[in-house]
Amino acid sequence: INHIVHNGGLYKRPFNEAFEETPMLVAVLTYVGYGVLTLFGYLRDFMRQWKIEKCQNATEREEQKDFVPLYQDFENFYNRNLYMRIRDSWNRPICSVPGAKVDMMERVSHDYNWTFTYTGRVIKDIINMGSYNYLGFAQNAGACQEAAAKVLSQYGAGVCSTRQEMGNLDKHEELEKLVARFLGVESAMAYGMGFATNSMNIPALVGKGCLILSDELNHASLVLGARLSGATIRIFKHNNMQSLEKLLKDAIVHGQPRTRRPWKKILILVEGIYSMEGSIVRLPEVIALKKKYKSYLYLDEAHSIGALGPSGRGVVEYFGLSPEDVDVMMGTFTKSFGAAGGYIGGKKELIDYLRTYSHSAAYATSMSPPVVEQIITSVKCIMGEDGTTVGKARVQQLAENTRYFRRRLKEMGFIIYGNEDSPVVPLMLYMPAKIGAFGREMLKRNIGVVVVGFPATPIIESRARFCLSAAHTKEMLDTALKEINEVGDLLQLKYSRHRLVPLLDRPFDETTYEETED
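Given the structure is predicted, the values throughout are model-derived calculations rather than measurements.

**Student:** So what about the domain arrangement of the chain? Which residues, and what values?
**Tutor:** A common measure of how large an interface is: the accessible area buried when the components associate. Segmentation of the chain into domains returns domain 1 (20-128 + 388-498) and domain 2 (143-383). A separation of 29 Å is found between the C-alpha centroids of domain 1 and domain 2. With 18 residues of domain 1 at the interface, the matching set in domain 2 holds 18 residues. Approximately 1,400 Å² of surface area, both sides summed, lies buried where domain 1 meets domain 2, with 59% of it carried by carbon and sulfur atoms. The interface formed by domain 1 and domain 2 includes 1 salt bridge.

Dropping the structure here:
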């Protein structure tokens, strides 16, 4: 299914997203594959029960057999019999900076991935296609590293207190003013953990008698925050404005269940870039609906801040919209800025309220000073306040890498999900056996990739997820593409029925933003 919105109306630029339908034969074979794995799983569980096969999973001691079970056998069925077969594709230990290339510690398993032993060998120079290092600031040399090292020697590594007590440093104040200026909002607040920025702040904003309208593919931190708030939660289909508008209409017409009183607040939760789909939120339409039905908008820009927009200011700038139209602008420093933590930006009244009532502000330890300095230096670089054009060049390089990599994969015949401007690139694998095989074959060829399967994705939509970086050179991308093409032929992954014709006359360094605006 292709979603194409042309210029005019709410959109100031083309908005192209593709979610090609799963071929019927592939879907059937995928279900058959999971069926066979499940049957063998039951057979192996039976063998373990009768001591024919050694049982290596967690079980209660004999003297605890009459207790309520601590380990639910059926709940762990998937882990024991499916995930364990391909566990070597995850948690691989790296021993270098997670930049464009990484070094990885080699490990082997002699008991089918139940345990691993390290060989002592280090695999050098693996092309890193999995880290969220969008602008290439994950590095151990350069201005950011030097500034962080200087602050470390001055302030130390930890603060040992909360912001409301003895942990409010001048660096924290400087960071928040800089972030507010970068986002174009009145005020901002920084937190030490990106996940907690969502999960601890949403309960401070809404509660019982409020309604949350959440996209079905929202991140686990948004889901947890919504559940902890005690508000009523209703789910709308992914990026589907008809589904969202229907929920908004019903909420206003019918009010709260039983009492029919109007909702105290209606809060719409969306993300800028969805990290498993590679899709971009239809923000102009969401804002139009928010204004029409007098609701509030909470925008999670974890993956889009720094990675979208001509100057890296995220999905709001990407669509040419005003930050004032978004009530709560949330984002993280863990991706584009190569650091840790998160922020919330908005009106001064909102931020002052959160400083008092947010659990993350009242109970969490303040951000580490070197981490704060890493963020300050990288944001100034993106804004050009360091006296160079390095930041702008990185934003443009990421946009060019994204367009090039996506186009080449489509030309090869792979099914690629998401928006053409999204640096998150899901390549569909579908079948369970191909999840582990793809990860292993790519590692053999010195390419580090992330593979994702059920339950993180729908059962028939297993995928490999590439994350592009401004630090990737064209040579690195061409090497990765060559190996992906080879593995795609080996594993028969080229499922697309809409193969593109290569554009041989298009130069790699073509500027994408100016082109689309013209």
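The structure having been displayed, the exposition proceeds.
**Student:** Quick one: what's the story with the sheet that holds strand E8 (residues 266-271), residue by residue and with numbers?
**Tutor:** The strand order across the open sheet formed by 7 strands is E5-E11-E10-E9-E8-E6-E7, and the pairing between neighbours is mixed. Looking at the sheet topology across the chains shown, the edges are occupied by strand E5 (187-191) and strand E7 (232-236). Adjacent strand axes in the sheet meet at a mean angle of 20 degrees, parallel and antiparallel pairs treated alike. Relative to E8, strand E6 (residues 211-215) runs parallel, the two being bridged by 4 bridges. Considered in E8, the bridge of Leu 213 is made with Ile 268. Lying over the sheet, helix H8 (residues 283-292) contacts E8 and strand E9 (296-300), oriented at roughly 155 degrees with respect to E9. Seen against the sheet, helix H10 (residues 348-357) touches E5, strand E10 (328-332) and strand E11 (342-346) and runs at an angle of roughly 30 degrees to E5.

**Student:** Go over the packing of aromatic side chains with me, naming the residues and quoting the values.
**Tutor:** According to the stated counting rule, one finds 17 aromatic pairs in the structure shown. With a centroid separation of 5.6 Å and an interplanar angle of 40 degrees, the aromatic rings of Phe 15 and Phe 319 are classed as tilted. In this pair, Phe 15 sits in strand E2 (residues 15-18) while Phe 319 sits in the loop between helix H9 (315-318) and E10, placing the two residues 304 residues apart along the sequence. When its relative accessible area of 0% is taken as the criterion, Phe 15 is described as buried. The interplanar angle of 40 degrees and the centroid separation of 5.5 Å between the aromatic rings of Phe 333 and Tyr 343 together place this pair among those described as tilted. With a gap of 10 residues between them, Phe 333 in the loop between E10 and E11 and Tyr 343 in strand E11 connect regions that are remote in the sequence. For the pair Phe 333 and Tyr 343, a shared accessibility class is recorded, and that class is buried. Taken together, the ring pairs in this structure connect Tyr 11, Phe 15, Tyr 318 and Phe 319 into an aromatic cluster. Note that Arg 107 overlies the ring of Phe 116, its terminal NZ or CZ placed 4.1 Å from the centroid.

**Student:** Please give an account of the pairing of strand E4 (residues 117-128) that cites residues and values.
**Tutor:** Pairing of strand E3 (residues 101-108) with E4, which is carried by 6 bridges, proceeds in the antiparallel orientation. What sits directly across from Met 105, in E4, is Val 122. Note that E4 and strand E14 (residues 447-448) share 2 bridges and pair parallel. Pairing of Asn 128 across the sheet is with Gly 448, part of E14.

**Student:** Give me the lowdown on the packing of helix H4 (residues 170-183) against helix H12 (residues 369-383), citing residues and values where you can.
**Tutor:** Helix packing for two helices is described by the angle between their axes and how far apart those axes are. Packing of H4 against H12 brings their axes to within 10 Å, and their N-to-C directions diverge by 30 degrees. It follows that H4 is roughly parallel to H12 by the angle criterion. As H4 packs across H12, the resulting crossing turns out to be left-handed. Facing H4, whose interface residues are Lys 171, His 172, Glu 174, Leu 175, Leu 178, Arg 181 and Phe 182, H12 presents Val 372, Glu 373, Ile 375, Ile 376, Val 379, Lys 380, Ile 382 and Met 383. Along the lines of polarity and charge, the residues of the contact of H4 with H12 split into 9 nonpolar, 1 polar and 5 charged.

**Student:** Go over the UniProt feature "domain: Aminotransferase class I/classII large" (unreviewed entry) in the chain, please, and point to the residues and values.
**Tutor:** Summarizing the sequence annotation, UniProt attributes the feature "domain: Aminotransferase class I/classII large" (unreviewed entry) to residues 124-484 in the numbering used throughout. Measuring from the first to the last C-alpha atom of residues 124-484 gives 19 Å, for a span that is 43% helix and 17% strand.

**Student:** I'd love a proper account of the UniProt feature "transmembrane region" (unreviewed entry) in the chain, names of residues and values included.
**Tutor:** The UniProt feature table records "transmembrane region" (unreviewed entry) at residues 24-43. Here residues 24-43 is 100% helix and 0% strand, with 29 Å between the C-alpha atoms at its ends.

**Student:** Pulling in residues and values, what's your account of the nonpolar core?
**Tutor:** Core analysis: the largest hydrophobic core is formed by 104 residues, its most contacted members being Met 129, Phe 405, Leu 409, Phe 438 and Phe 466. Beyond its immediate sequence surroundings of up to four residues, Leu 409 is in contact with Phe 414, Ile 416, Val 425, Leu 427, Phe 466, Leu 481 and Ile 484. In terms of nonpolar packing, the next biggest core, distinct from the first, is built from 21 residues, Tyr 191, Val 328, Met 330 and Ile 344 among them.

**Student:** An account of the pattern of salt bridges is requested, with residue identities and associated values reported.
**Tutor:** Following the criterion strictly, the structure yields 33 salt bridges and no others. Linking Asp 489 and Lys 494 is a salt bridge whose minimum nitrogen-to-oxygen distance equals 2.9 Å. A residue is classified by how much of its surface remains accessible, and Asp 489, at 46% relative accessible area, is partly exposed. Taking the relative accessible area as the measure of exposure, Lys 494 reaches 23% and is therefore partly exposed. If you follow the salt bridges from partner to partner, you end up with Glu 441, Lys 444, Arg 445, Lys 482, Glu 483 and Glu 486 in one network.

About the criteria used
- Residues numbered from 1 in each chain as written.
- Predicted model: local features only at pLDDT ≥ 70, side-chain atom pairs only at ≥ 80, totals over all residues.
- Heavy atoms only, no water.
- Domains from an automatic or database assignment.
- Contact = heavy atoms within 4.5 Å.
- Buried area = accessible area lost by both parts, 1.4 Å probe.
- Salt bridge = Lys/Arg side-chain N within 4 Å of Asp/Glu carboxyl O.
- Pairing = 2+ DSSP bridges.
- Helix = DSSP H or I, 4+ residues; strand = E, 2+ residues; numbered from the N terminus.
- Axes fitted to C-alpha atoms, helices over the stretch in contact; angles between N-to-C directions.
- Phe/Tyr/Trp six-rings, centres within 6.5 Å; stacked < 30°, edge-to-face > 60°.
- Buried < 20%, exposed > 50% of the residue type's maximum accessible area, 1.4 Å probe, protein only.
- Lys NZ or Arg CZ within 6 Å of the ring centre and 35° of its normal.
- Parallel < 35°, antiparallel > 145°, perpendicular 65-115°, else oblique.
- Left-handed = near helix turned anticlockwise from the far one by under 90°.
- Nonpolar A, V, L, I, M, F, W, Y, C, P; charged D, E, K, R; others polar.
- UniProt positions renumbered as here; feature names shortened; annotations may be inferred.
- Core = buried A, V, L, I, M, F, W, Y, C linked by side-chain atoms within 4.5 Å.

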